[in-house]
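Listed here are the chains, written in short residue letters.
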Amino acid sequence: MNELIQQLLRGERRAAARMISLVENDDAHKNELMSRIYPNTGSAYIIGITGSPGAGKSSLTDKLVAEIRQLGLKVAIIAVDPTSPFTGGAILGDRIRMQSHALDSEVFIRSMGTRGSLGGLSHATNEAVKVLDAFDKDIIVIETVGVGQSELDIMHAADTTLVVLTPGAGDAIQTIKAGIMEIADIFVVNKADLDGADKVKAETEAMLDMRTASDWRPPVMPVVSLTGSGIKDLWGKITEHRELLEKTGRLDEIRKARLREEVRDILEHEIKKYVWNTVEASGEMDAILEKVANRELDPYTAAKNILAERVKLK
Ligand SMILES: Nc1nc2c(ncn2[C@@H]2O[C@H](COP(=O)(O)OP(=O)(O)O)[C@@H](O)[C@H]2O)c(=O)[nH]1
Ligand SMILES: [Mg+2]
């Protein structure tokens, strides 16, 4: 394990890939690994990209990565598909879309699906982000497919979130879940080469007009991910958003709030594990259940008693 951590911190790709697999499989050594690399995390900037399947997220990521590489920054991409059982390498389509970076040793690409990730996909994604952060990447891009709760959870890990819209997707605003609209720091109108891009932009701006003003109004950026048109301006907005978060201290706040959630999750998990293990070991459960079934004890009191015997309740 020492060896693996050393390799990761030295920047060996295979070590990063291996460690993410351990995370996904909830390996017995995972917690210790995560504890050990934690001091080396916190420096990467996390960009989330979400939107409907086919919106052009992978194409956009490919072009953004080119921009990031031109600046000399090291980047990792995590492509998350909550509907896919596949994990490990890149999903074929994504790999083709991002092949321009396949030979660049400073670009790390990883797909994550639901297989493995026992603690939940957003949890596994969060841990993969930490591994890549310790791996000394400057920028980590999380691309996620789908339009459900799971990618809202996944996007929680991002510092700047991009929501990708396209023309021709019907009434764009209404087809996108409200929750998704709210997490957007920047709207990207991709496929701006197609008819209707102006309309999507106008509709999105109209929706933003109805919001209460704040110091950051999400800009709506038309791009053509096929050609790279608009990508430089988009990167400019990402940088602007990052600078605002840093300047106002909000980045620290967001990250602290995220860590609070994380510690809470871990604590909850540990409490559950502890209580269950000791209840099972004590062999008391059958007797308690018998009493509950006979109406001698109600489930609430039963649970409270079980807990009270193990944890000092105030
Ligand atoms: N016309 C046009 N097509 C695009 C553009 N960007 C992506 N596409 C196409 O849209 C399809 C889906 O792209 P992909 O990046 O895989 O979308 P994802 O599912 O959101 O990752 C592919 O056939 C792309 O070639 C664009 O700017 N203009
Ligand atoms: Mg994709």
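The structure this text deals with has already been given above.
In this report, the structure presented in the accompanying data block is examined. Remember, it's a predicted structure, so these values are computed and weren't measured experimentally.

Quick notes on the rules
All residue numbers refer to positions counted from 1 along the written sequence of the respective chain. Here every chain gets a letter starting at A, and every ligand a number starting at 1, in the order they are written. In keeping with the predicted nature of the model, local features appear solely for residues at pLDDT of at least 70, side-chain atom pairs appear and are counted solely at 80 or more, and the whole-chain, interface and lining totals rest on all residues. In this description a helix means any DSSP run of H or I spanning at least four residues, a strand means any run of E spanning at least two, and both kinds are numbered starting from the N terminus. With C-beta atoms placed from the backbone, a residue counts as buried when 20 or more other C-beta atoms lie within 10 Å of its own, as exposed when 12 or fewer do, and as partly exposed for counts between those limits. A pair of residues counts as a contact when their C-beta atoms, built from backbone coordinates, are separated by no more than 7 Å. Here, a strand pair is defined by DSSP locating no fewer than two bridges between the strands. To get an axis, a line is fitted to the C-alpha atoms, and for a helix only the part in contact is used. The angle between two axes follows their N-to-C directions and goes from 0 to 180 degrees. Each residue receives a C-beta atom built from its backbone; the residue is near a molecule or strand if that atom lies within 6 Å of it. Throughout, the ten residues Ala, Val, Leu, Ile, Met, Phe, Trp, Tyr, Cys and Pro are labelled nonpolar, Asp, Glu, Lys and Arg are labelled charged, and all others, Gly among them, are labelled polar. By convention in this section, buried Ala, Val, Leu, Ile, Met, Phe, Trp, Tyr and Cys residues joined through C-beta atoms within 7 Å make up a nonpolar core.

## Topic: the overall build of the protein chain
Of regular secondary structure, the protein chain possesses 14 helices and seven strands. Split into buried and exposed, the 314 residues of the protein chain put 36% on the buried side. In the protein chain, of all internal contacts separated by at least 6 residues, the share reaching a separation of at least 24 is 75%.

## Observations regarding the sheet that holds strand E4 (residues 139-145)
With respect to topology, seven strands assemble into an open sheet ordered E3-E2-E4-E1-E5-E6-E7, the strand pairing being parallel. A strand with exactly one partner marks an edge of an open sheet, and here the two such strands are strand E3 (107-112) and strand E7 (220-222). The average angle at which neighbouring strand axes cross in this sheet is 20°, direction not considered. Here strand E2 (residues 75-80) pairs with E4 via six bridges, running parallel. Bridge pairing links Ile-77 to Val-141 in E4. In the packing of helix H10 (residues 197-209) onto the sheet, the strands contacted are strand E5 (160-165), strand E6 (186-189) and E7, and the crossing angle to E7 comes to about 175°.

## As for the pairing of E5
Judged by how many residues are buried, E5 sits mostly within the fold: six of six residues are covered. One ladder, built from four bridges, connects E5 with E6; its direction is parallel. Note that in E6 the partner of Leu-162 across the bridge is Ile-186.

## Examining the site of ligand 1
Within the structure, ligand 1 sits among 17 residues, and Gly-56, Lys-57, Ser-58, Ser-59 and Ser-225 are positioned closest to it. Of all the elements in the fold, those that place two or more residues in the shell around ligand 1 are helix H4 (57-70) and helix H5 (92-97). No other element matches the three residues that H4 contributes to the shell around ligand 1. Partitioning the shell around ligand 1 into residue classes produces five nonpolar, eight polar and four charged.

## Looking at the environment of Val-65
Mapped onto the secondary structure, Val-65 falls in helix H4. On the neighbour-count criterion, Val-65 (23 C-beta atoms within 10 Å) is buried. Measuring from C-alpha to C-alpha, the distance between Val-65 and Ile-139 comes to 9.3 Å, with 74 residues separating the pair along the chain. Ignoring any residue separated from it by four or fewer positions in sequence, one finds Val-65 in contact with Val-75, Ile-77, His-101 and Val-107.

## A few points about unusual backbone geometry
The backbone of Asp-136 shows a phi angle near 75°, a positive value even though the residue is not glycine. Within the secondary structure, Asp-136 sits in the loop between helix H6 (121-134) and E4. Classification of Asp-136 by C-beta neighbours within 10 Å gives partly exposed; the count is 17. Positive phi, close to 65°, is recorded for Arg-295, a residue that is not glycine. In this fold, Arg-295 is placed in the loop between helix H13 (285-293) and helix H14 (299-308). Since 7 C-beta atoms lie within 10 Å of it, Arg-295 is described here as exposed.

## A closer look at the nonpolar core
Membership of the largest hydrophobic core comes to 61 residues, with the highest contact counts inside it found for Ile-78, Val-131, Leu-132, Ile-140, Ile-142 and Val-188. Considering every element that reaches this core, the biggest residue donor is H6, with seven residues. Those residues in contact with Ile-140, other than ones at most four positions away along the chain, are Ala-44, Ile-46, Ala-76, Ile-78, Val-129, Leu-132 and Asp-133.

## So, the environment of Glu-106
With respect to the element layout, Glu-106 can be found in the loop between H5 and E3. Residue class for Glu-106 comes out partly exposed when judged on the 18 C-beta atoms lying within 10 Å of it. When sequence neighbours within four positions are dropped, the list of residues in contact with Glu-106 reads Arg-69 and Lys-74.

## Considering the pairing of strand E1 (residues 45-51)
Remark: a regular strand shows side chains that alternate across the two faces of the sheet. Burial of E1 is extensive: seven of the seven residues sit out of reach of the surface. Going residue by residue along E1, you find Tyr-45, Ile-47, Ile-49 and Gly-51 tucked away on one face and Ile-46, Gly-48 and Thr-50 tucked away on the opposite face as well. Across seven bridges, the pairing between E1 and E4 is parallel. Residue pairing for E4: Ile-46 is matched across the bridge by Ile-140. As judged from the five bridges shared by E1 and E5, these two strands associate in the parallel manner. Paired with Ile-49 across the strands is Leu-162, a residue of E5.

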